[in-house]
Amino acid sequence: MAILEIKDLHVSVATDEGPEPILNGVDLTVKGGETHAIMGPNGSGKSTLAYSVAGHPKYEVTSGEVLLDGENVLEMGVDERARAGLFLAMQYPVEVPGVSMSNFLRTAATAVRGQAPAVRHWVKEVKQAMADLEIDPAFAERSVNEGFSGGEKKRHEILQLALLKPQMAILDETDSGLDVDALRVVSDGVNRYKGANPEIGIMLITHYTRILKHITPDFVHVFSRGRIVESGGPELAERLEEEGYVRFTGKQEPAG
Ligand code: ADP
Ligand code: MG
Ligand code: MG
């Protein structure tokens, strides 16, 4: 089973005034089969963690390690990370005009699998995955993310998850911008994938507890000022829902 190890990770982001430290020593291990929720107030560095593992060029790792099955992820190119079984929804471009979803997904699947999926199987696979996620078939012919609503983008992320079949998935704010129905469809999509692939490890990054009513985490971590300051089980999310983040930030910021 896969194991993702983040060790004493320090990351700076490039700004006009020079590099600014954002992550201040993140330690986290996610094993295959486990779902870890990363919760934290706005600006605490949750997305920076995801981007850093994704290899976004704006984020500079100043020290620490990220290992997937003992291999140094930080030295891998973006495609290599995907081939190694790491899935990061945001590693994909925001909009790709002129490239249809179906071509984009096939190219991504080819990169991950090392060979192009056989056309007949592929068409069936995509159709099934889209039906599962209640995605309109016309969606396959639209350009990637062009004019997509927030909900469509999130469904698209879970569609990629279902088709690329990673071993370790990092999902950042999968619940943001979703209405109740879309949240259910997206959560069901994650749960269906986990049901079919119980060895997947999931890092679910979220400010709010509501998605955790649908996707039950094994572990909950609180992120504050660029590091994990508390870890526990699902009961920690319940406590955050009641108390917000005031205990960590000194100011009232609801988590529910
Ligand atoms: P979260 O996802 O927890 O809301 P972020 O990782 O987005 O937190 O941001 C953490 C801090 O890093 C914030 O102060 C934010 O302004 C800063 N930051 C993150 N990304 C960038 C960026 N690309 N350019 C400048 N500042 C950034
Ligand atoms: Mg934010
Ligand atoms: Mg964020």
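Throughout this description, residue numbers start from 1 for each chain and increase along the sequence as written. For this description, chains carry letters from A and ligands carry numbers from 1, given in the order in which they are written. Residues qualify for local features only when their pLDDT is at least 70, as the model is predicted, and side-chain atom pairs are given and counted only at 80 or more; totals for whole chains, interfaces and linings, by contrast, use all residues.

In the annotation of an unreviewed UniProt entry, the protein is listed under the name ABC transporter ATP-binding protein and assigned to Longimycelium tulufanense.

Caption draft 1: Seen up close, the overall build of the protein. Going along the chain from the N terminus, every DSSP run of H or I of four or more residues is numbered as a helix, and every run of E of two or more is numbered as a strand. Tallying secondary structure elements over the protein gives eight helices and 12 strands in all. Projecting the C-alpha coordinates of the protein onto the three principal axes gives extents of approximately 55 × 40 × 40 Å. Expressed as a percentage of the 256 residues in the protein, the buried residues total 38%. We call two residues in contact when their backbone-placed C-beta atoms lie within 7 Å. Within the protein, contacts between residues separated by at least 24 positions form 73% of all contacts whose residues are at least 6 apart in sequence. For every residue, the other C-beta atoms within 10 Å of its own C-beta are counted; 20 or more classify it as buried, 12 or fewer as exposed, and values in between as partly exposed. C-beta atoms are placed from the backbone.

Caption draft 2: The arrangement of the site of ligand 1 in detail. Close to ligand 1 lie Val13, Thr15, Ile22, Gly40, Asn42, Gly43, Ser44, Gly45, Lys46, Ser47, Thr48 and Lys58, which account for all nearby residues. Of all elements in the fold, only β1 (3–15) and α1 (46–54) reach the threshold of two or more residues within the shell around ligand 1. The element that contributes the greatest number of residues to the shell around ligand 1 is α1, accounting for three residues. Here the shell around ligand 1 is composed, by residue class, of two nonpolar, eight polar and two charged. Here is the check we use: build the C-beta atom from the backbone, and if it is within 6 Å of the molecule or strand, call the residue near. When residues are grouped by polarity, Ala, Val, Leu, Ile, Met, Phe, Trp, Tyr, Cys and Pro land in nonpolar, Asp, Glu, Lys and Arg in charged, and all others, Gly among them, in polar.

Caption draft 3: Summary view of the pairing of strand β10 (residues 201–206). Among the six residues that make up β10, six are buried, leaving the element largely enclosed by the rest of the structure. Neither face of β10 is open: one carries Gly201, Met203 and Ile205, the other Ile202, Leu204 and Thr206, and all of them are buried. DSSP calls a pair of strands paired once it identifies at least 2 bridges connecting them. Of the pairings in the sheet, the one linking strand β3 (residues 35–39) to β10 comprises five bridges and is parallel in character. For Met39, the partnering residue across the bridge sits in β10 and is Thr206. Seen with its strands pointing away from the viewer, a crossover is right-handed if its path from the first strand over the helix to the second goes clockwise. Tracing the backbone out of strand β9 (residues 168–172), into helix α6 (residues 180–196) and back to the parallel element β10 gives a crossover that is right-handed.

Caption draft 4: Structural detail: the sheet that holds β9. Pairing within the open sheet is mixed, and its six strands lie in the order β6-β9-β10-β3-β11-β12. The sheet is open, and its two edges are formed by β6 (86–88) and β12 (227–232), each paired on a single side. Going across the sheet, the axis of each strand differs from the next one's by a mean of 20 degrees, ignoring polarity. Bridge count between β6 and β9: three bridges; the pairing is parallel. Bridge assignment links Leu86 to a residue of β9, and that residue is Met168. Each axis is a line fitted through C-alpha atoms, taken for helices only over the stretch in contact, and angles between the N-to-C directions span 0 to 180 degrees. Contacts from α1 reach β3, β6, β9, β10 and β11 (219–224) within the one sheet, and its direction differs from that of β9 by about 140 degrees.

Caption draft 5: Structural detail: the sheet that holds strand β2 (residues 18–31). Spatially, the four strands line up as an open sheet ordered β2-β1-β4-β5, and their pairing is antiparallel. At either margin of the open sheet sits one strand with a lone partner, and together these are β2 and β5 (71–72). Judged from the 11 bridges that link them, β1 and β2 form a sheet pairing that is antiparallel. Bridge assignment links Leu9 to a residue of β2, and that residue is Val26.

Caption draft 6: Quick peek at the packing of helix α3 (residues 101–113) against helix α5 (residues 150–164). One way to put it is that α3 packs onto α5 with a least axis distance of 10 Å and a crossing angle of 40 degrees. Relative to α5, the element α3 is oriented oblique. The way α3 lies across α5 gives a crossing that is right-handed. Contact with α3, carried on its side by Leu105, Ala108, Ala109 and Val112, involves Gln160, Leu163 and Leu164 of α5 and no other residues of that element. Of the residues in the contact of α3 with α5, the class split is six nonpolar, one polar and no charged. Here the word oblique covers every angle except those under 35 degrees (roughly parallel), over 145 (roughly antiparallel) and from 65 to 115 (roughly perpendicular). Put simply, a crossing is left-handed when the front helix is turned counterclockwise from the back one by less than a right angle, and right-handed when it is turned clockwise.

Caption draft 7: Main features of unusual backbone geometry. Despite not being glycine, Asp8 shows a phi value in the positive range, around 45 degrees. In this structure, Asp8 sits in strand β1. By C-beta crowding, Asp8 is classed as partly exposed, having 13 other C-beta atoms within 10 Å. In this structure, Lys165 takes a positive phi of about 50 degrees despite not being glycine.

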